[in-house]
Amino acid sequence: DRLHPWVLKDPRLCFTWPAWKLALQHAAKLFVYRSPLSVAASLRERHGFPLEYSLDLWEAYNRQALKIIQAEGGTLIHYEAFSDAPQSAWNELCKRLCAVGVHVQAEGGEIYYQQKLNHSVAAKKNESRLSMEQLHLHDFCLEACERGYLPTELPFECANLKERIQSFGIAF
């Protein structure tokens, strides 16, 4: 019901979407983008995952989310925008949600963002740890978040991304 919005936030939906698609066919899709090193720091802190594995997971989940947005529509916003300028980011989010048929009240939305819950702020800097494909995807996502929509083609995926994730999963 777009007049009484609710949120289902679970990154695993990217991979279980085919099972949910029919039940949620009228849902507005919002892709909240987080920078790769922020995600990697969070995964290290929560699960002890090494950087390379975390970055591979970041890439796989983001690529899958982008494919869904590309195929079915939706909008995007950059998570870190809320720490930089909460009210401005909230206003932009409200505008983008309204464009996809979800009406939320813009006043006071910045109170929903709590900086203390952002555990990985310090991880924003060293992008030299990203593969070329991850760096292209990161730049692509930043540009898409700025625009609020996806360009027509997604950046190329590394040929062995799935194998790297599976190998680490078996070893872990």
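Thresholds applied
Residues numbered from 1 in each chain as written. Predicted model: local features only at pLDDT ≥ 70, side-chain atom pairs only at ≥ 80, totals over all residues. Heavy atoms only, no water. Buried < 20%, exposed > 50% of the residue type's maximum accessible area, 1.4 Å probe, protein only. Helix = DSSP H or I, 4+ residues; strand = E, 2+ residues; numbered from the N terminus. Arc of directions from axis to C-beta. Contact = heavy atoms within 4.5 Å. Expected span 1.5 Å × (residues − 1).

Chemist: How should helix α1 (residues 13–20) be read in this particular structure?
Modeler: The periodicity of an α-helix, 3.6 residues per turn, causes residues three or four positions apart to be oriented the same way. Looking at α1, one finds that the buried residues are Leu13, Cys14 and Trp17. Along α1, the residues classed as buried sweep out an arc of 75° about the axis, all on the same side. In this structure, α1 carries Pro18 and Ala19 as exposed residues pointing more than 90 degrees from its buried face. Contacts from the buried residues of α1 go to α3 (51–72).

Chemist: Would you explain helix α5 (residues 86–99) in this entry?
Modeler: In a regular helix each residue adds 1.5 Å, so 14 residues correspond to 20 Å; α5 covers 20 Å between its end C-alpha atoms and thus fits that length. Here α5 has its buried residues at Ala89, Trp90, Leu93, Cys94, Arg96 and Leu97. Mapping the buried residues of α5 onto a view down its axis gives an arc of 170°, with all of them on the same face. Facing away from the buried side of α5 by over 90 degrees, the exposed positions are Lys95 and Ala99. If you follow the buried residues of α5, they end up packed against β1 (30–33), β2 (75–78), α4 (81–84) and α6 (132–147).

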